[in-house]
Amino acid sequence: MSAICSRKIAGRNCILFRLTSLASQAKCNNLYRSSVKALNGHRQIQINHVVDKCQRLDISSNTSYYFMIGSSNFYRKFIKSQRCFLNAKNIEVRTNILSSCRSPCFLASQPFVEELALFRSLASVQSPNRVPAWDVQIIRLFHTSSSFQAAPVPLLWIILKPAQKLFAIILGRSIRKWWKALPPNKQELFKASARKNKWKIVVGLCSLAVVFIIFYFTHLEETPITGRARLLVFGKEHFRAFSEMEYDMWMEKFTNKMLSETDPRYQVVKKVIGHLSESNQDIPQVTEFKWAIHVVEEPGINAFVLPNGQVFVFTGLLNVVSDIHQLYFILGHEIAHAVLGHAAEKASLVHFLDLPSLILLTMIWAVCPRDILAVVGQWIQTKLQEFIFDRPYNRTLEAEADKVGLQFAAKACVDVRASSVFWQQIELVETIQGQRKLPEWLSTHPSHENRAEHLDRLIPEVLWLH
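Thresholds applied
Residues numbered from 1 in each chain as written. Predicted model: local features only at pLDDT ≥ 70, side-chain atom pairs only at ≥ 80, totals over all residues. Heavy atoms only, no water. Helix = DSSP H or I, 4+ residues; strand = E, 2+ residues; numbered from the N terminus. Buried < 20%, exposed > 50% of the residue type's maximum accessible area, 1.4 Å probe, protein only. Contact = heavy atoms within 4.5 Å. Salt bridge = Lys/Arg side-chain N within 4 Å of Asp/Glu carboxyl O. Axes fitted to C-alpha atoms, helices over the stretch in contact; angles between N-to-C directions. Parallel < 35°, antiparallel > 145°, perpendicular 65-115°, else oblique. Left-handed = near helix turned anticlockwise from the far one by under 90°. Nonpolar A, V, L, I, M, F, W, Y, C, P; charged D, E, K, R; others polar.

Draft legend 1. Local environment of the environment of Asn-394. With respect to the helices, strands and loops of the structure, Asn-394 is situated in helix α17 (residues 371-411). By relative accessible area, which is 9% here, Asn-394 ends up buried. Distance in space between the C-alpha atoms of Asn-394 and His-342 is 9.2 Å, their sequence separation being 52 residues. For Asn-394, the contacting residues outside a window of four places in its chain are Lys-346, Thr-444 and His-445.

Shown next as structure tokens:
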């Protein structure tokens, strides 16, 4: 198994050097001593790695690599140890810490460790404005799918969905006005008739619920690779037209920002995608795709794959990853979304919940005595559905893509431990910048900390795939 990039060692030594100055000011003394002790306790082990499978990465059989024992746990403990000086009120102290990350000691590699050939080609074209991940300004938090393509659906459904909601609102409001216009005696007659036929009404509602349940269980399918049971109403053919439309939209938006195929950054992404695809040819779903690479000159930290195999990678993401191993995992994660058909799955869930949502929306507008109350009720209904169904389900899909993406990366013979380190780095960057942390239950994605811990638990399971 290849080793984690030596940049982490230099980065840790750099930060601990700055911690020395803080300790001299009688700040974080105990914390500094414990951090130094932890760092010294991690021995460097030199190993000769001879794996024919990794020759596609231009790794020589005579190359020696170094790695840190338990590096993932070390990063988590070290990140937590930064709370003392990251929360310091002295702005000058924090400025010194940030400036230290720009200093050569952070960027310098250990002289006895060689860079991977692919990542060296990426580093050779870094723009003068590129800064290390510790000082990057996160314009948009990295997430695995952009908001637009998070749940693509068939074109007809896109057109009819707003009309369905509008119809439910008009119907409910009409029922309310009709009821108010009835004379009191007729209202009493309707109430008496409802009480008289209450069991028929109950049987009708139960029959509707049974049909709803039967529909659910007759549309369950097994997720490829993981074997998870899921609801799938739409097939791949339903998304082809929409994927092409979405692809045209992105191409029109980024027409003047696409990197040429001769750009070294494009070549790096192309080689990574190609190696991931070749290493996972034993999976039928992977062989069905013809991957098309698009590298966009955008500062946002983002990458996504459309259901038709169109891969979009922003240069902002390439500037943040510390080594080629992290890039393998991220792109493997994105490919996993497409291979597992998460877009169709999410659209199926929304479609399945449409009928009860429309019935409830109609009842809200029919029962509420005023429009303003109906609007509030509709907002509450929307938020409840979002936080009870949509966001938890999205977090489940993200965790599944992490698991499968980690397997893809492991079969490509890269250091899968870099996956959890990536999220620990992003967490540390946000902490340094003082960004507010959104509770996980409010987010569509798992928190960085939980994501790193989840990957650490999965890493031992995929090591045998190397």
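The discussion continues.
Draft legend 2. Inspection of the pattern of salt bridges at higher detail. Applying the stated criterion across every chain, the model contains 15 salt bridges. Between Asp-371 and Arg-173 there is a salt bridge, with its nearest N and O atoms 2.8 Å apart. Pair noted here: Asp-371 is in helix α17 and Arg-173 is in helix α8 (residues 155-181), with a separation of 198 residues, a long-range link. Its relative accessible area of 28% is what places Asp-371 among the partly exposed residues. By relative accessible area, which is 30% here, Arg-173 ends up partly exposed. The residue Arg-417 makes a salt bridge to Asp-415 at a minimum N-O spacing of 3.0 Å. Here Arg-417 and Asp-415 have matching classes, each one buried. Among the charged side chains, a network of salt bridges with common partners joins Arg-228, Arg-230, Glu-345 and Glu-400.

Draft legend 3. Structural detail: the environment of Ser-277. Along the polypeptide, Ser-277 turns up in helix α12 (residues 264-279). Look at Ser-277 and you get buried, because its relative accessible area is 13%. Put simply, Ser-277 and Lys-290 are 13 residues apart on the chain and 9.5 Å apart in space, counted from C-alpha to C-alpha. When neighbours within four sequence positions are excluded, Ser-277 is seen to be in contact with Val-286 and Trp-291.

Draft legend 4. Region of interest: the packing of helix α16 (residues 342-367) against α17. Running from N to C, α16 and α17 point in directions that differ by 160 degrees, and their axes come no closer than 11 Å. Overall, the two elements α16 and α17 adopt an arrangement that is roughly antiparallel. Crossing of α16 against α17: the hand is right-handed. Class assignment of the residues belonging to the contact of α16 with α17 gives a composition of 12 nonpolar, seven polar and five charged.

Draft legend 5. Seen up close, unusual backbone geometry. With a phi close to 75 degrees, Ile-225 is a non-glycine residue in the positive phi region. Considering the arrangement of structural elements, one finds Ile-225 in the loop between β3 (220-222) and β4 (229-231). Relative accessible area serves as the criterion here: at 37%, Ile-225 is assigned to the partly exposed category. Non-glycine residue Cys-413 carries a positive phi angle of around 65 degrees. Residue placement: Cys-413 occurs in the loop between α17 and α18 (418-433). Judged by its relative accessible area of 2%, Cys-413 is buried.

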